[in-house]
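Residue strings, one per chain:
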Amino acid sequence: MLRRNTFWSLVLMAGTLSGAGMAWAEPPDEAITPSMATVTGTLTYLPRIALPPNAQAVITLLDKRIPGGEVVTEQRIALGERQVPIPFDLPLTEEAPDEGRTYVLEAAILTGGLLIWVAEPIPVALTDAGQDLGEIWLRQYRPVAFSDEYRCGDQRIRIGMADDWMRLEVEGQEFDLKQRVAASGARFVAIADPATFFWSKGDGGRLEVAGRSFPDCVRVAADQGLFRASGNEPGWHLEIDADRILVVLDYGERRIAGAVPAPEAIDDGLHYRFELEGHDLDIEILDRLCRDSMTGMPHPRTVTLVVDEDRLAGCGGDPGTLLRDIEWVFEDLGGQAPIEGSRVTLNFGDDNRVWGKASCNNLLGEYRLTGEQFILSPLATTMMACDQGLMDQEQLFLERLPTVRHFDLDADGRLVLHADGGRTLIARGEGRGGS
């Protein structure tokens, strides 16, 4: 079928060639404007927290047939003084949507290039008329903690990952990135600026910031002696090494950095009290188990940060230290006690290796701690045969380990692995584990 503007062009040409001398009127604008399907909705959240003037809403429609998703269309709204609810109208291309394909809508609100509110991905089944999604509820975004460091030429960068989100720090700036489609490796693109991305491949990666390319990146060992802590609502984090401190407040809006004096030793911890950049800082770090108030992730240190009159609470230290250098012997396999005389164990190394005994066979694999989850990779085992009872117990253990999502320590210091279905696997510590 001819497009309408093509039709009018042919009609005008025909009138000219005929010499009829007829005066043809231009068609009205709406006659040549193609109709487009749209996805509409309204972004909102429950807490009465005002958005800052530099806030921006980003609404993206993705084709999720490819891992990471390919962007179909996107709308960016500079909010200025506007507050929720925020309506959006996301137009599609002139081409008819594929009604047999499921799309996904992502929505977020950023400030200073960092996420502050985000929606869970929403499946969208498109028709020629589009779809009205109604109210889309946002949740407050918890920043991903930095966990890995790379060197890109002379530039050192830090990243942290949770699921398909990444937080990137480079040249004193921070960006929140989302995984997008890539032919190989994992490609993460900044929500605030698509010209900023990190493309990881194994222990290397490629970095561009605002379209500027950096030399190839190589993962480096984590800084030795660097202490990190963070807290929520409002989001903050701090880093302390031998002589420097960095304090980041209000989800990255404020930063305080400089030299740090030696701490004072107190019962069960350390205490810092000093002035920096016109601010009075008071930091207490206690050797007490602390659980993140949003994720429940346990940390070895409880931290209190006071900046002038603002008192903030959070957790610090590497959660992995709670797991390592101990052999964990299981006494509860999800509501079932191990067979008397059998031994089911796990050991965790500082190189992300996990090893142990599954009942009959030895096991070996890897584990990973993200900002929110505890993840065990598929585990390899030896191939010995034992009594059927031990083999059945081993099979049960190996089936439940990959479903573990979180870990904790109970009041008796036992390791509690929380698996899908509300099951828990419980182990007691038994000295130092070997490799």
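Read on for an overview of the structure. The shown structure was predicted, so the numbers you read here are calculated from the model rather than taken from an experiment.

1. What about the overall build of the chain?
Link 1 in the chain: Helix and strand counts for the chain stand at 3 helices and 38 strands.
Link 2 in the chain: Scored against the burial criterion, the 435 residues of the chain give a buried share of 44%.
Link 3 in the chain: Long-range contacts, defined as pairs at least 24 residues apart, comprise 47% of the intrachain contacts of the chain with a sequence gap of at least 6.
Link 4 in the chain: Working note: accessible area of the chain is about 22400 Å², and carbon and sulfur atoms make up 51% of it.

2. Regarding the nonpolar core
Link 1 in the chain: Core analysis: the biggest nonpolar cluster contains 28 residues, and Leu43, Leu51, Ile59, Phe88, Leu105 and Ile109 have the highest contact counts within it.
Link 2 in the chain: Elements with a minimum of two residues in this core: strand E1 (38-44), strand E2 (56-63), strand E4 (86-91), strand E5 (102-111), strand E6 (114-118) and strand E8 (130-137).
Link 3 in the chain: The element best represented in this core is E5, accounting for 4 residues.
Link 4 in the chain: For leucine 43, the contacting residues outside a window of four places in its chain are Ala57, Ile59, Val84, Pro85, Ile86, Phe88, Ala107, Ile136 and Leu138.
Link 5 in the chain: Counting 25 residues, the second largest nonpolar core, distinct from the first, contains Leu346, Val354, Ala358 and Phe407.

3. Re the state of the cysteines
Link 1 in the chain: Overall, the coordinates contain 3 disulfides when judged by the stated rule.
Link 2 in the chain: In this model cysteine 152 forms its disulfide with cysteine 217; the gap between the sulfur atoms is 2.0 Å. Judged by the torsion about the S-S bond (105°), the cysteine 152/cysteine 217 disulfide is right-handed. Taken together, the residues span a long stretch of sequence, with cysteine 152 in strand E10 (residues 148-152) and cysteine 217 in strand E18 (residues 217-220) at a distance of 65 residues.
Link 3 in the chain: The buried category is assigned to cysteine 217, whose relative accessible area is 2%.
Link 4 in the chain: A sulfur-sulfur separation of 1.8 Å characterises the disulfide bridge that pairs cysteine 360 with cysteine 386.

4. Quick word on the pairing of strand E20 (residues 236-240)
Link 1 in the chain: For E20, the tally of buried residues reaches 5 of 5 residues, placing the bulk of the element in the interior.
Link 2 in the chain: In this antiparallel pair of consecutive strands, strand E19 (residues 227-231) and E20, the connection spans 4 residues, and glutamate 233 shows a positive phi of 50°.
Link 3 in the chain: In the sheet, E20 pairs with strand E21 (residues 244-249) via 4 bridges, with the strands oriented antiparallel. Within E21, the residue paired with isoleucine 240 across the bridge is isoleucine 245.
Link 4 in the chain: The turn linking E20 back onto E21 is made up of 3 residues.

5. Here we look at unusual backbone geometry
Link 1 in the chain: For the bond from valine 84 to proline 85, the omega torsion is 5°, close enough to zero to count as cis.
Link 2 in the chain: Mapped onto the secondary structure, proline 85 falls in the loop between strand E3 (70-78) and E4.
Link 3 in the chain: In this structure, the amide linkage connecting glutamate 233 to the following residue, proline 234, adopts the cis form with an omega of 0°.
Link 4 in the chain: The residue aspartate 325 is not glycine, and still its phi comes out positive at about 65°.
Link 5 in the chain: Inspection of the secondary structure assignment puts aspartate 325 in the loop between strand E29 (310-316) and strand E30 (327-333).
Link 6 in the chain: Classification of aspartate 325 as partly exposed rests on a relative accessible area of 48%.
Link 7 in the chain: Of note, serine 359 is a non-glycine position whose phi angle comes to about 140°, a positive value.
Link 8 in the chain: By the secondary structure assignment, serine 359 is in the loop between strand E32 (353-357) and strand E33 (362-369).

6. Quick look at the side chain of serine 200
Link 1 in the chain: Mapping serine 200 onto the fold places it in strand E15 (residues 197-201).
Link 2 in the chain: Every residue in contact with serine 200, bar those within four places of it in the chain, is listed here: Gly185, Ala186, Phe188 and Gly205.

7. Overview of the pairing of E1
Link 1 in the chain: As paired elements, E1 and E8 share 6 bridges and run parallel to each other. Directly across from leucine 43, in E8, lies its bridge partner isoleucine 136.
Link 2 in the chain: Relative to E4, E1 runs antiparallel, the two being bridged by 6 bridges. The partner of threonine 38 across the bridge, within E4, is proline 91.

8. Concerning the environment of threonine 42
Link 1 in the chain: By the element assignment, threonine 42 lies in strand E1.
Link 2 in the chain: Threonine 42 gets classed as partly exposed once you look at its relative accessible area, which sits at 22%.
Link 3 in the chain: What threonine 42 contacts, discounting residues up to four positions off in sequence, is Pro85, Ile86, Pro87, Phe88, Gly134, Glu135 and Ile136.

9. Let's talk about the sheet that holds E1
Link 1 in the chain: Spatially, 3 strands are ordered E4-E1-E8 in an open sheet, and the strand pairing comes out mixed. Edge positions in the open sheet fall to E4 and E8, since each of these has one partner strand only. If you compare each strand with its neighbour and ignore which way they point, the axes differ by 15° on average.

10. Some words on the packing of aromatic side chains
Link 1 in the chain: Under the defined criterion, the tally for this structure stands at 8 aromatic pairs.
Link 2 in the chain: Ring pairing ties together the aromatic residues Phe348, Tyr367, Phe374 and Phe407, which thus form one cluster.
Link 3 in the chain: For lysine 178, the ring lying beneath its charged end belongs to tryptophan 165, and the centroid distance is 4.9 Å.
Link 4 in the chain: Across the ring face of tryptophan 355, the terminal group of arginine 353 is positioned such that the distance to the ring centre comes to 4.7 Å.

11. Let's talk about a negative patch on the surface
Link 1 in the chain: Taken together, the side chains of Glu275, Asp280, Asp308 and Glu309 define an acidic patch exposed on the protein surface.
Link 2 in the chain: With respect to the helices and strands, aspartate 308 occurs in the loop between strand E28 (301-307) and E29.

12. Considerations on the sheet that holds strand E25 (residues 279-286)
Link 1 in the chain: Strands sit in the order E22-E21-E20-E19-E29-E28-E25-E24-E23 across an open sheet of 9 strands; the sheet is antiparallel. Either end of the sheet is taken by a strand with one partner, and the two such strands are strand E22 (254-259) and strand E23 (264-266). Between one strand axis and the next, the sheet turns by 20° as a mean value, whatever way the strands run.
Link 2 in the chain: Pairing analysis gives 8 bridges linking strand E24 (residues 269-276) to E25, with the strands arranged antiparallel. Bridge assignment links tyrosine 272 to a residue of E25, and that residue is isoleucine 283.

What counts and how
- Residues numbered from 1 in each chain as written.
- Predicted model: local features only at pLDDT ≥ 70, side-chain atom pairs only at ≥ 80, totals over all residues.
- Heavy atoms only, no water.
- Helix = DSSP H or I, 4+ residues; strand = E, 2+ residues; numbered from the N terminus.
- Buried < 20%, exposed > 50% of the residue type's maximum accessible area, 1.4 Å probe, protein only.
- Contact = heavy atoms within 4.5 Å.
- Areas by Shrake-Rupley, 256 points an atom, 1.4 Å probe, with all protein chains shown as cover.
- Core = buried A, V, L, I, M, F, W, Y, C linked by side-chain atoms within 4.5 Å.
- Disulfide = S-S within 2.5 Å.
- Pairing = 2+ DSSP bridges.
- Axes fitted to C-alpha atoms, helices over the stretch in contact; angles between N-to-C directions.
- Phe/Tyr/Trp six-rings, centres within 6.5 Å; stacked < 30°, edge-to-face > 60°.
- Lys NZ or Arg CZ within 6 Å of the ring centre and 35° of its normal.
- Patch = residues over 30% accessible without salt bridge, like charges linked within 9 Å, V, L, I, M, F, W, Y side chains within 5 Å.
- Salt bridge = Lys/Arg side-chain N within 4 Å of Asp/Glu carboxyl O.
- Lys, Arg positive; Asp, Glu negative; His and termini not counted.
- Charge placed at Lys NZ, Arg CZ, Asp CG, Glu CD.

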